[in-house]
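Listed below are the residues making up each chain.
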Amino acid sequence: MKEKTTETLLQSINKVPVALTEAVPNVRWAPIRVPFRRRAQTAAVLFWSCTIALSLSVFFWSMLYPFLWPFHIAYLIYMYLDQSPENGGYRYERMRRLPFWNYFAGYFPVKLVKTHDLDPSKNYICGYHPHGIIGMGAISNFATEATGFSETFPGIIPSLLTLTANFKIPIYRELILSLGIASVSRHSCEKILSSGPGRTIVIVVGGASESLSARPGTNDLTLKKRLGFIRLAIRNQVELVPIFSFGENDLFEQVDNSHGTTLWKIQKKMQEIAGFTMPLFHARGLFNYDIGLMPYRHEIVTVVGKPIAVPKLLEGHTEPTHEQIVAVQESYIAELENIYNEYKDVYAKDRKQELRIVG
């Protein structure tokens with residue numbers, strides 16, 4: 001009787017995927033038996049994707065306990081006074097080298113490609129393209145050692161930069177600071193670049209505007225009006241390094257937000273007010289391949305291009321001229337297009353259109 005009951009139960013369990021498939025015919029369900037490595041990779045990406053929500057939940061949940069209020073007050077005062085985001089973050093190498101990040105990067109997977117050496121006696125400003133929805137490739141390559149950045153570029157110490165608003169989120173701020181992530185403010189950039197040889201900042205140039213154009217098979221870059229990082233490079237006499245990540249835009253689908261639609265207007269208004277915006281994205285789920293907010297398992301290949309020299313400031317000037325900025329921008333875009341054209345048939349075989357500079 002017991003064996004018959006067990007057999008009936010197993011038969012019922014095996015019928016579940018079939019029943020779900022019949023109920024939702026367009027959804028492909030993941031198999032029940034999956035190697036542990038893949039489960040761990042999924043868990044790592046899920047955890048990172050939820051870190052902001054988890055941080056806020058833990059913080060506000062802990063406020064339900066009055067005996068913890070003195071710690072909350074002290075922590076909030078510390079957050080207000082702490083200048084770490086403007087000074088390069090905490091940067092704990094052990095945190096950057098945790099096995100967790102190998103699983104995170106292995107999910108897609110993420111790969112780093114070097115085309116030229118970077119001189120450890122110099123400083124650099126790297127422009128990362130495209131932004132994508134979340135920038136998974138930027139995190140994997142420059143906020144962790146999952147792809148072996150330090151071994152690939154010995155002596156170069158990268159700092160991935162993000163919006164100052166991210167450092168207003170309790171708990172979450174400590175996590176990203178420990179990875180060496182810092183504010184993208186001018187003060188922060190110049191502080192890092194002046195802190196010693198090899199110090200390098202990585203700026204995701206396209207920002208929120210570019211994220212609204214992130215769709216599989218496309219690479220529409222917002223770059224023409226992005227002159228601040230070029231001005232910063234000339235002012236501080238550091239070389240620019242264009243970086244292109246193939247596959248960054250292939251991780252999520254996005255609800256149609258064509259220029260002029262109501263959704264587009266709402267997203268742009270949010271960007272105007274808050275400084276960032278929220279693409280309405282979707283991809284796969286934990287147990288299916290078609291519905292959910294988990295990114296697709298699509299390879300990300302990050303190609304680091306050739307450093308671009310910048311002109312010296314004119315005598316008596318403390319800021320570069322417009323002509324100097326435009327000339328450097330043209331060289332930068334040309335090198336970025338060279339990277340794309342050289343590797344597109346290898347890493348972007350499923351592209352729907354070619355690289356476009358749209359704004």
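Below is a summary of the structure that appears in this document. Worth saying up front: this structure is predicted, and the values here are computed from it rather than measured. (Residues numbered from 1 in each chain as written. Predicted model: local features only at pLDDT ≥ 70, side-chain atom pairs only at ≥ 80, totals over all residues. Heavy atoms only, no water.)

So, the packing of helix H2 (residues 36-49) against helix H6 (residues 99-106)
Okay, step 1: Contact geometry of H2 with H6 gives a least axis separation of 8 Å together with a crossing angle of 95 degrees. Between H2 and H6, the crossing angle belongs to the class labelled roughly perpendicular. Contact residues: H2 offers Phe36, Arg37, Ala40, Gln41, Ala44, Val45, Phe47 and Trp48, while H6 offers Phe100, Trp101, Tyr103, Phe104 and Gly106.
Okay, step 2: A per-class count over the contact of H2 with H6 returns ten nonpolar, two polar and one charged. (Axes fitted to C-alpha atoms, helices over the stretch in contact; angles between N-to-C directions. Helix = DSSP H or I, 4+ residues; strand = E, 2+ residues; numbered from the N terminus. Parallel < 35°, antiparallel > 145°, perpendicular 65-115°, else oblique. Contact = heavy atoms within 4.5 Å. Nonpolar A, V, L, I, M, F, W, Y, C, P; charged D, E, K, R; others polar.)

Looking at the pairing of strand E10 (residues 300-304)
Okay, step 1: Of all five residues in E10, five are buried; the element is thus mostly enclosed.
Okay, step 2: Here E10 shows two buried faces, one formed by Ile300, Thr302 and Val304 and the other by Val301 and Val303.
Okay, step 3: In this sheet, E10 lies alongside strand E1 (residues 110-114) in parallel orientation, the contact comprising five bridges. In the sheet register, leucine 112 faces E10, and the bridge partner there is threonine 302. (Buried < 20%, exposed > 50% of the residue type's maximum accessible area, 1.4 Å probe, protein only. Pairing = 2+ DSSP bridges.)

Here we look at the side chain of threonine 42
Okay, step 1: With respect to the helices, strands and loops of the structure, threonine 42 is situated in helix H2.
Okay, step 2: For threonine 42, a relative accessible area of 14% translates into the label buried.

Section: unusual backbone geometry
Okay, step 1: Note that the residue after phenylalanine 108, namely proline 109, is joined by a cis bond; omega there is -5 degrees.
Okay, step 2: Within the secondary structure, proline 109 sits in the loop between H6 and E1.
Okay, step 3: Each neighbour pair has its own omega, and for histidine 129 with proline 130 the value is -15 degrees, a cis peptide bond.
Okay, step 4: Tracing the sequence through the fold places proline 130 in the loop between strand E2 (124-129) and helix H7 (136-142).

Some points on a nonpolar patch on the surface
Okay, step 1: Taken together, Ile52, Leu56, Phe60, Met63 and Trp69 make up a surface patch of nonpolar side chains, about 450 Å² in accessible area.
Okay, step 2: Broken down by element, the residue count for the nonpolar patch peaks at three residues, all from helix H3 (residues 51-62).
Okay, step 3: Here tryptophan 69 shows up in helix H4 (residues 69-81). (Patch = residues over 30% accessible without salt bridge, like charges linked within 9 Å, V, L, I, M, F, W, Y side chains within 5 Å. Areas by Shrake-Rupley, 256 points an atom, 1.4 Å probe, with all protein chains shown as cover. Salt bridge = Lys/Arg side-chain N within 4 Å of Asp/Glu carboxyl O.)

What about H6?
Okay, step 1: Among the residues making up H6, those that are buried are Trp101, Phe104 and Ala105. Along H6, the residues classed as buried sweep out an arc of 90 degrees about the axis, all on the same side.
Okay, step 2: Along its buried surface, H6 packs onto H2, helix H5 (93-96), E1 and H7. (Arc of directions from axis to C-beta.)

Here's the deal with the packing of helix H10 (residues 186-193) against helix H12 (residues 228-236)
Okay, step 1: The interhelical angle for the contact between H10 and H12, taken along N-to-C directions, is 40 degrees, at an axis separation of 11 Å. Here H10 is positioned oblique relative to H12, judged by the angle of their axes. Judged by the twist between their axes, the crossing of H10 over H12 is right-handed. From H10, Arg186, Cys189, Glu190 and Leu193 reach across to H12, where they touch Leu232, Arg235 and Asn236.
Okay, step 2: Of the residues in the contact of H10 with H12, the class split is three nonpolar, one polar and three charged. (Left-handed = near helix turned anticlockwise from the far one by under 90°.)

Focus: the packing of aromatic side chains
Okay, step 1: All told, the structure shown has 24 aromatic pairs when counted by the stated rule.
Okay, step 2: Judged by centre distance (5.5 Å) and plane angle (80 degrees), the ring pair of phenylalanine 59 and phenylalanine 60 falls under edge-to-face.
Okay, step 3: Judged by centre distance (5.0 Å) and plane angle (80 degrees), the ring pair of tyrosine 107 and phenylalanine 108 falls under edge-to-face.
Okay, step 4: Residue class for tyrosine 107 comes out buried when judged on its relative accessible area of 2%.
Okay, step 5: Classification of phenylalanine 108 as buried rests on a relative accessible area of 3%.
Okay, step 6: Every member of this aromatic cluster is reached through a ring pair, and the members are Phe47, Trp48, Phe100, Trp101, Phe104, Tyr107, Phe108 and Tyr172. (Phe/Tyr/Trp six-rings, centres within 6.5 Å; stacked < 30°, edge-to-face > 60°.)

Here we look at the nonpolar core
Okay, step 1: Within the largest apolar cluster, 42 residues are counted, with the highest numbers of intra-cluster contacts made by Trp48, Phe104, Phe108 and Leu160.
Okay, step 2: Residue assignment for this core shows that the elements contributing at least two residues are H2, H6, E1, E2, H7, helix H9 (172-178), strand E7 (239-246) and E10.
Okay, step 3: Not counting residues up to four positions away in its chain, the partners in contact with phenylalanine 104 are Ala44, Val45, Trp48, Met136, Ile139 and Ser140.
Okay, step 4: Among the nonpolar cores identified, the runner-up in size contains 38 residues, and Val205, Ala233, Leu336 and Tyr340 belong to it. (Core = buried A, V, L, I, M, F, W, Y, C linked by side-chain atoms within 4.5 Å.)

Bear in mind that shape data such as this cannot, by itself, settle questions of function.
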